[in-house]
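# Overview (structure and organization)
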Amino acid sequence: MKNLAKPMALPELEAALKARGGALFAQDLSLPGLLHGALLLSPLAHARLKGLDLAKAQALAGVKALLSASQAPGLLTQGQVDYLGQPLAAVAAISLDIAHKACGLIKADLEELPAAPASLETLAGQDLAAGPLLSLGDAPGVLAQADLKVQAQFSLPSLPAIWPLAPAALAAPDLGGGLVLWCQSPAPQATQHLLAQALGLAPGQVRVIALGCPAGQEEAWLTPWQLAAAHLTLATGRPVRLLPSPAEQALLGGRRAGVLVKAQAGFSAQGQLVALDLEARLETGPGLLAGGLGPDWGLLPYRCPNLRCQARLAASNLPPALGPGNAALLLALEGLLDLAAQSLGQDPLELRLTNALQPGDTLSLGGQAGPCRLRQCLEQAAQASGWHSRRESLAPGQGLGMAPAVQMLGPLRPGQDASQAFAVVEARLEPGGGAHLLTQASIGPQGSLDALRRILAAELGLDPAQVRLTSGDSALAPACGLAAQGSQLARLSALATARAGVQLRQMQAQAQPEGPPLSTLGLARAQELAQGPLELACEALALEASLDALTGQVRVLGLWACQDCGQVISPLALAGQQAQAVQEGLRLALGQVPPLEGPDLTLAGLPLPTTLDLGAWQTQTLEDQDAQGPAEAGLGLAWTLPPALAQALAQAGGQLPLVSPLSPMAVLQTLGRLRG
Amino acid sequence: MAHPRFMVHQPANLEEMLDLLGRHRTSVKVLAGGTDLLPRLRAGEPAVDHLVSVNRVAGLNRINYMDEDGLVLGAGARLSDVARHPEVRRHYPALAQACAALATPQVRNAATVAGNLAGADPAADTAPPLMAYRGTVVLVERGGRRQVKLEQFFQGPGQSVLEPMEVLEAIRVPAQPARSGSAFLRVSPQGPAGRAVASVAGFLALDLGGRMMGVRLALGGVAPTPLRCPEAEALLEGNEPHPELLGRAAAACVRAARPADDWRASANYRRAMVQVLAKRVLEQCLAQAQGGAQ
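Reading guide: rules and limits
Residues numbered from 1 in each chain as written. Chains lettered and ligands numbered in written order. Predicted model: local features only at pLDDT ≥ 70, side-chain atom pairs only at ≥ 80, totals over all residues. Heavy atoms only, no water. Helix = DSSP H or I, 4+ residues; strand = E, 2+ residues; numbered from the N terminus. Rg over C-alpha atoms; globule rule 2.2 N^0.38 Å. Buried < 20%, exposed > 50% of the residue type's maximum accessible area, 1.4 Å probe, protein only. Contact = heavy atoms within 4.5 Å. Areas by Shrake-Rupley, 256 points an atom, 1.4 Å probe, with all protein chains shown as cover. Salt bridge = Lys/Arg side-chain N within 4 Å of Asp/Glu carboxyl O. Buried area = accessible area lost by both parts, 1.4 Å probe. Polar contact = N/O pair within 3.5 Å; in protein donor to acceptor, adjacent residues only side chain to side chain. Nonpolar A, V, L, I, M, F, W, Y, C, P; charged D, E, K, R; others polar. Axes fitted to C-alpha atoms, helices over the stretch in contact; angles between N-to-C directions. Parallel < 35°, antiparallel > 145°, perpendicular 65-115°, else oblique. Left-handed = near helix turned anticlockwise from the far one by under 90°. 1 Å grid on protein atoms, 1.4 Å probe; cavity = no way out; pocket = protein on both sides within 12 Å on 5 of 7 lines; lining within 4 Å. Points joined across faces, edges and corners; volume = space filled by probe spheres on them. Phe/Tyr/Trp six-rings, centres within 6.5 Å; stacked < 30°, edge-to-face > 60°. Lys NZ or Arg CZ within 6 Å of the ring centre and 35° of its normal. Core = buried A, V, L, I, M, F, W, Y, C linked by side-chain atoms within 4.5 Å.

### Thoughts on the overall build of chain A
A count of helices and strands for chain A gives 19 helices and 25 strands. For 676 residues, the compact-globule formula gives about 26 Å, and the C-alpha radius of gyration of chain A, at 26 Å, lands near that figure. Based on the C-alpha atoms only, the size of chain A along its principal axes is roughly 75 × 70 × 45 Å. The burial tally for chain A puts 59% of its 676 residues in the buried class. If you take every contact in chain A between residues at least 6 apart in sequence, the share linking residues at least 24 apart comes to 82%. Taken as a whole, chain A presents about 24500 Å² of accessible surface, with 53% of it coming from carbon and sulfur.

In structure tokens:
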């Protein structure tokens, strides 16, 4: 993989097609006899469903199927509404207008029940059920005797999922009473099994074709639109497509759970982090969706011999949520470091360098850190930003912040089933001189499936354009382990592709000229990567911001990031993924939190950050030719942005913000200049 | 989400445009930039079968300035064109600022000033500066034309005096006196591209004795319609400028505002912003006018 430098710099082969809008997704496909589906959603968060009057909707010309709870188990409300937007009925009709009209004609008799409080503030004083616990050493005991103890309470509310492409789902009948589903998925085979289980079918009766992967979603879960398309197809025997509105996407598209973190840390007089106690209170809706607490939960970028990280879960009547991932914990941890730096009179960067994870350190999740270049990332981000000189020359109202993060690459994650965490790809030599690669992965390492094609091409000495790629099809590509999903599946598939390429080259050397076409399977197991010290992807980000203390408006003036992603396969794809992470970080740091209901919830109302919210920015990549292949750039950079901004604003305004995202109102409240 | 289907008509002249509106009167809307209308249609607003575009109507894309008559913006004048027009920047800086600050570059390249006004959005960014410049809109239908002051044009959120078959043909802004200054500022929690939760535009001139004359202040996003601030204007009119007086005028602007709470911003925040922005706008107007005097 070391000789790929030049070809890697090319844009991905499908780039022109995607840029022109020519790439096809579920919303673009059409099949003979296609029907359009729609869901009737509960306007109440908690209610008793006393009855559904379907008569008028059924009588509407063009309606082909109308399902209530008994006909679509697992999708529709049975007797009681447990969350806002819970589907009450599903309709298939010859046009989308008729499907929506039919939904409007259904009369739901709902008796409202008291809803559980969902605001994070109310979670602070509640007695909540204990969730997963991470524990090292004796955090409470060491905290009590630490030279310096800092504590604060931080919060990161639930934010709706952002689907750059609407999560349309199209299902069509298949032979033997089965069906085919076109959708977005981070792991088509996992979606296939989830769907088969929900429908009571054998996995072989369901084929899932992933056309893209939802941004930032590592976990395969069944969206209501996928399940509804499948139920309606089985009910009508015809293809059915569901295309959710932006409001439906925001409501049911996999929002991240809101988190309130009660945090305490103990430091030695020299600034060493000696103990950390984090209690994370999560508002989960009726329960977390697949993936548990989310990507890299509890993976901390610092050495900490004594740690207690306790999750506590609060059910609410808000829609189901995905686990929040590491963002809230990092916001709290970095906030504590900032408070400690202030008390100790130390430079925030120096305090971070003192405590940064190094190879051989014990990880917060257990196990030993392997190659880890977090210190280098911090130093490079500091150098790129001109940390020391810039901090000294900042104008009033300006501040500079720095925050790091680490991510797990391919190894087994806590609680993961080792026997199910593997990827298999198939590589074939084609008679015309090219090759064909088949993979379950719907996203590639460093954000681009094209990287897989380039890896195989390099091993076989081909031009990447000579490698045909079949990806994301649960029926055509070889089966992988069900636990391998998202970026883990991408990384394992990259390793499996490299191995398949090597095998194919060896077979080629020994093959008879008139022999049959050659093909082979490549396999990579997460367990292999978990042998010995664990490889980590590291990143650090410095950020300069200005604060208008009278309006509360914040402007990010500059951003300097450094990221270690193992071997770089496609610099352009990596840059794209870094840009996406920065954009998501801006949303976590500065985006507004829209309500989950009401007329404002349209795509136009969803405040997404744009390049206008950012001054200059620059990312550097540390390349590691000895790494075990390409690493995912992922969301790590996004998580560094809120704490780096908070630190910059603490310098600019004199107060450390304890909440993210920071609206101008929240800034003024932090500064004590606005009430209510 | 329904996919709206409609026919777009591209009339070549005003006569033809009015004919088309009359012919399809039960299900027709006027299309300019489409940046506001099309998302609303996609979001499920009552469907229309016909859109009549102003974009190829002769003369409607004009941006004309004459020293005697002032500025005329045709219904098709794009925000980005207005923002960079040298005469607009020289004589109507608050309008240029509003056109350059609104939304994203892509939206500004498509959206029009007339469209921004015709939607009667209380937070329409071009309304406060045009009100501060005493702008009027020219409305035309088959029966004839009428000219309406902007203060009278807006009736409520999404409501204006525009009749169903009437077209906003142009915006007229009188020429501004020498030794004057104007400015526009907005605040949006969603960043520069977001919708303003409060905006303030101001205009003032200085007489030979340095007293403020013709003062006008207008607010956006803090009431059911954009509105003027007569109390604040009266406080300043005929007086010599000093910081304390500007501060009192800014406080008077808050009394004119009638903001509501919504998820973007609380009424408290909007009120606070009116005072902050009004003070800054007045300072900028004064600096310009004094610079002009020198």
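We are not done yet, so read on.
### A closer look at helix α14 (residues 450-460) of chain A
Because an α-helix completes one turn every 3.6 residues, residues spaced three or four positions apart along the sequence face the same direction. Residues and elements named next belong to chain A. Of all the 11 residues making up α14, 10 are buried; the element is thus mostly covered by neighbouring parts of the structure. Among all positions of α14, only D450, A451, L452, R453, R454, I455, L456, A457, E459 and L460 are buried. Just beyond α14, the residue with positive phi is G461, at close to 70°.

### Brief notes about the pattern of salt bridges
Close approach of charged atoms lets side chains of opposite charge pair. In this structure the tally under the stated criterion is 37 salt bridges over all chains. The shortest N-O distance in the salt bridge between R352 of chain A and E334 of chain A comes to 2.7 Å. Here E334 of chain A lies in helix α10 (residues 327-344) and R352 of chain A lies in helix α11 (residues 348-355), a separation of 18 residues in the sequence. With respect to class, R352 of chain A is no different from E334 of chain A; both count as buried. The salt bridge partner of R280 of chain B is D548 of chain A, with a shortest N-O separation of 2.6 Å. In this pair, R280 of chain B sits in helix α12 (residues 267-293) while D548 of chain A sits in the loop between β23 (536-547) and β24 (554-564), so the two residues belong to two different chains. Look at R280 of chain B and you get partly exposed, because its relative accessible area is 24%. Looking at D548 of chain A, the relative accessible area reads 21%, which means it is partly exposed. Within this structure, R48, K50 and E111 of chain A form a network of salt bridges that share partners.

### Regarding the interface of chain A and chain B
Chain A puts 27 residues into the contact, and the matching count from chain B is 24 residues. Three residues stand out in chain A for area buried against chain B, namely Q592, L612 and M665 of chain A, and they jointly supply 24% of the buried area on that side. At the junction of chain A with chain B, the criterion picks out one salt bridge. In this assembly, chain A and chain B are joined by four residue pairs in polar contact (both at pLDDT 80 or more). Residue assignment for the side of chain A that touches chain B shows that the elements contributing at least two residues are α4 (96-105) and α19 (664-670) of chain A. Counted by class, the side of chain A that touches chain B contains 14 nonpolar, seven polar and six charged residues.

### A closer look at the packing of helix α7 (residues 188-199) of chain A against helix α8 (residues 224-236) of chain A
All names here are of chain A. In the contact formed by α7 and α8, the axes pass within 11 Å of each other and the chain directions differ by 50°. When the interaxial angle is binned, α7 and α8 end up oblique. The interaxial crossing formed by α7 with α8 has right-handed handedness. The segment α7 lies against α8, with T191, L195, A198 and L199 engaging Q226, L227, A230, H231 and L234.

### Some details on the environment of A384 of chain A
All names here are of chain A. Tracing the backbone shows A384 in helix α12 (residues 374-385). Since its relative accessible area comes to 25%, A384 is described here as partly exposed. Spatially, the C-alpha atom of A384 lies 8.5 Å from that of Q618, the residues being 234 residues apart in sequence. What A384 contacts, discounting residues up to four positions off in sequence, is W560, Q618 and Q620.

### A word on the layout of surface pockets
Residues and elements named next belong to chain A. Here the second largest pocket is characterised by a volume of approximately 940 Å³. Lining the second largest pocket are 34 residues, and of these E121, P157, S158, V593 and P594 lie nearest its centre. The set of elements that each furnish at least two residues to the lining of the second largest pocket consists of α5 (120-123) and α19. Here the lining of the second largest pocket gets four residues from one element, more than from any other, and that element is α19. A per-class count over the lining of the second largest pocket returns 18 nonpolar, 11 polar and five charged.

### Focus on the packing of aromatic side chains
Geometry of an aromatic ring pair is reported as the spacing of the ring centres plus the angle between the planes. Applying the stated criterion across every chain, the model contains four aromatic pairs over all chains. Seen from their ring centres, Y92 of chain B and Y133 of chain B are 5.1 Å apart, and the 90° between their planes marks the pair as edge-to-face. Of this pair, Y92 of chain B sits in the loop between α4 (86-91) and α5 (93-101) while Y133 of chain B sits in the loop between α8 (127-132) and β6 (136-141), placing them 41 residues apart in sequence. Note on accessibility: Y92 of chain B and Y133 of chain B belong to one class, buried. Where Y133 of chain B meets F203 of chain B, the ring centres are 6.3 Å apart and the plane angle is 65°; that geometry is what we call edge-to-face. Separated by 70 residues along the polypeptide, Y133 of chain B in the loop between α8 and β6 and F203 of chain B in strand β12 (residues 198-206) bring together distant segments of the chain. F203 of chain B sits in the buried class, given a relative accessible area of 3%. Ring pairs connect the aromatic residues Y65, Y92, Y133 and F203 of chain B, which therefore count as one cluster. The ring of F422 of chain A carries the charged tip of R525 of chain A above its face, separated from the ring centre by 5.2 Å.

### Quick notes on the side chain of T497 of chain A
If you trace the backbone, T497 of chain A turns up in helix α15 (residues 486-510). Not counting chain neighbours up to four residues away, the residues in contact with T497 of chain A comprise V425, L437, L452, I455 and L456 of chain A.

### Thoughts on the nonpolar core
Counting 73 residues, the largest nonpolar core has V261, F267, L276, M402 and L536 of chain A as its most contacted members. V28, A77, A111 and L117 of chain B belong to the second largest nonpolar core, which has 57 residues in total.

Everything listed here is a matter of geometry and, on its own, says nothing about what the molecule does.
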